[in-house]
Amino acid sequence: MNQQSSSPVKSASAKLTRGSITGHLIGQTLPAIIGVAAIMSIGLVDAYFIGQLGSDALAAISFIFPISVALTSLGVGVMVGINSVVARALGEEDPERAARRANFGIVFAVLVGAIMALALFTLHDPLFRLMNAPDHLLPLIRTYMQPFALGFPLILAIMGFNGVLRGQGEARKTSLVSITYATANWVLDPLLITGAFGFEGLGIVGAAYATVIGWAFGAIMAMALMRRAEIPLDFGLLRDCSLIDPAVSILRVAGPAACSNAINPVGLSILTALVALEGEAAVAGFGAAGRLQSFATVPLLALSGSIGAIVGQNWGAREFDRAREAALWAFGFCIVWGLCIALAMVSGGEFLAFLFTEDADVASEFALYLSIAAWGYAGFGILIVANGILNAVDKASFALTQSALRVFLVMLPFAWLLVGSWGSAAIYSAELAANLFGAVTGILLVSYAIKLRGAR
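All values derive from a computational prediction rather than experimental measurement.

Student: Even after reading the chapter, I still don't get helix α5 (residues 138–150), so can you show me in this structure?
Tutor: In an α-helix, one turn spans 3.6 residues; hence positions three or four apart end up facing the same way. Between its first and last C-alpha atoms α5 spans 18 Å; for 13 residues at 1.5 Å apiece the expected length is 18 Å, and the two agree. Of all the residues in α5, the buried ones are L138, I141, Y144, M145, P147, F148 and A149. At its buried positions, α5 is contacted by α2 (21–51), α3 (55–91), α4 (95–130), α6 (152–167) and α8 (204–227).

Student: Looking at this structure, how should I read the pattern of salt bridges?
Tutor: Once the charged atoms of two side chains with opposite charge are near each other, the side chains can pair. Counted under the stated rule, the structure contains five salt bridges. For D125, the salt bridge is made with R142, and the minimal N-O distance between the two is 2.9 Å. Here the residue D125 occupies a position in helix α4, and R142 occupies one in helix α5, the gap between them amounting to 17 residues. It is possible to trace a salt-bridge network through shared partners that takes in R88, R252 and D394.

Student: Would you take a moment to explain the environment of S20 for this structure?
Tutor: Turning to its location among the elements, S20 is positioned in the loop between α1 (2–6) and α2. You can call S20 partly exposed: its relative accessible area is 42%. C-alpha separation for the pair S20 and A326, spaced 306 residues apart in sequence, amounts to 9.8 Å. A distance of 2.9 Å separates polar atoms of two side chains, one belonging to S20 and the other to T22.

Student: Before we go on, may I ask you to explain helix α7 (residues 171–194) in this structure?
Tutor: Between the first and last C-alpha of α7 there are 34 Å, a value that for 24 residues agrees with the 34 Å anticipated at 1.5 Å per step. In the structure, α7 departs most strongly from a straight axis at L188, where the bend amounts to approximately 40 degrees and where the proline P190 lies between one and four residues downstream. Once α7 finishes, G195 follows within two positions and takes phi at roughly 95 degrees, a positive value.

Student: Looking at this model, I keep getting lost on unusual backbone geometry. Mind explaining?
Tutor: Apart from glycine, the bulk of residues carry a negative phi angle, and the bulk of peptide bonds sit in the trans form. One non-glycine residue, R318, adopts positive backbone phi at about 60 degrees. Classification of R318 by relative accessible area gives partly exposed; the value is 48%.

Student: Explanation requested: the environment of E365 in the structure shown.
Tutor: Within the fold, E365 resides in helix α14 (residues 360–373). By relative accessible area, which is 16% here, E365 ends up buried. For the pair E365 and Q293, spaced 72 residues apart in sequence, the C-alpha to C-alpha distance is 14 Å. Apart from the residues lying within four places of it in its own chain, the contact partners of E365 are A281, A282, G285, S424 and Y428. Of note is the side chain of E365, whose polar atom sits 2.9 Å from the side chain of S424.

Rules of the game
- Residues numbered from 1 in each chain as written.
- Predicted model: local features only at pLDDT ≥ 70, side-chain atom pairs only at ≥ 80, totals over all residues.
- Heavy atoms only, no water.
- Helix = DSSP H or I, 4+ residues; strand = E, 2+ residues; numbered from the N terminus.
- Expected span 1.5 Å × (residues − 1).
- Buried < 20%, exposed > 50% of the residue type's maximum accessible area, 1.4 Å probe, protein only.
- Contact = heavy atoms within 4.5 Å.
- Salt bridge = Lys/Arg side-chain N within 4 Å of Asp/Glu carboxyl O.
- Polar contact = N/O pair within 3.5 Å; in protein donor to acceptor, adjacent residues only side chain to side chain.
- Bend = angle between axes of the 7 residues up to and from the residue.

Quick look at the structure:
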């Protein structure tokens, strides 16, 4: 008995299997909103200061944005896998297994980050040529992507730590990590991009340096918080045990989740390539509006992150009715928030556009994008929340199938077939159609997965 109480692993518990589901949703999502808002604000701050460098720099960052999102989304998939297996192990009242999976997950995340960094550093030029980036923008893109690639393992380390913290229901701690590296970016952006206090800015590469330095601060904060969490940061736990269980368990979720999360940005990259055929003003407007959209959907993104721990712990504890209740409340919130924010975006499209640019053509594309795509925000929220639920219940393959069909069956064919006659409006409409499809399939798949397990 004394031996058990002295083990730090034994203190870990599945606290989300008790108490009010709506209380847990609010308690886990509100801190996550702050953290996600902090992350999304980085893109807005970058766009604001880079926009002051001119339309070329803004167009360059618009090509970079979907690639950086796609890469980060792969990391999010790794985080989701770690979150899922840790939460379910805690729900099964096996804290030692949760600890082994947690520490293995952190090592795995850093190794994945190193591999991705090497590939990105080597292949960035061919990648952006495939996206129809003009030759005169490639030097600007290259100067940004090289330091970004070298620092990429840092963001995967953060994803690993946050996956462990989320699996324990520690939303506040993960938000503190996000706030830490976002704050560093806010402070460094004006200094390194445009210059301040007598320091001459570095231009677009300054944004990359600010991002990487911010990641370093975030990784340090995550490590410090992990050391004070219920599950210990102790790689020695991996020394005398089989690594097959944590490896298989994490990969079974992280592999499909990473691909699922990356599919949408990959589709966005292809849409950007199609928009590029309409001119640089269209690319700049599309990219800037996409960053604003990311900020507007922060509560939906936060909910999609917090739902995994709630559903995962209750699933592991075989509390299927509680998992179903969490899904219903989450879907309802997506509908209400998505429609309210769409009304605001469509009404203020022109005003918001001129906050980012003084170019009338860019502003026109910005407003056009919002007037069409904003009506799909509710569907996008249901899509990503459904993905979070499916990953949490070990149905990551369902989420991957849904995401693939959404992009390759709906979004890309729609845009490709109609861009010749509708112009850029076809591309924005394709995103709307894909989000509506994602909402319907998401609800059906979650209903099927929960009903299937509950019937056993």
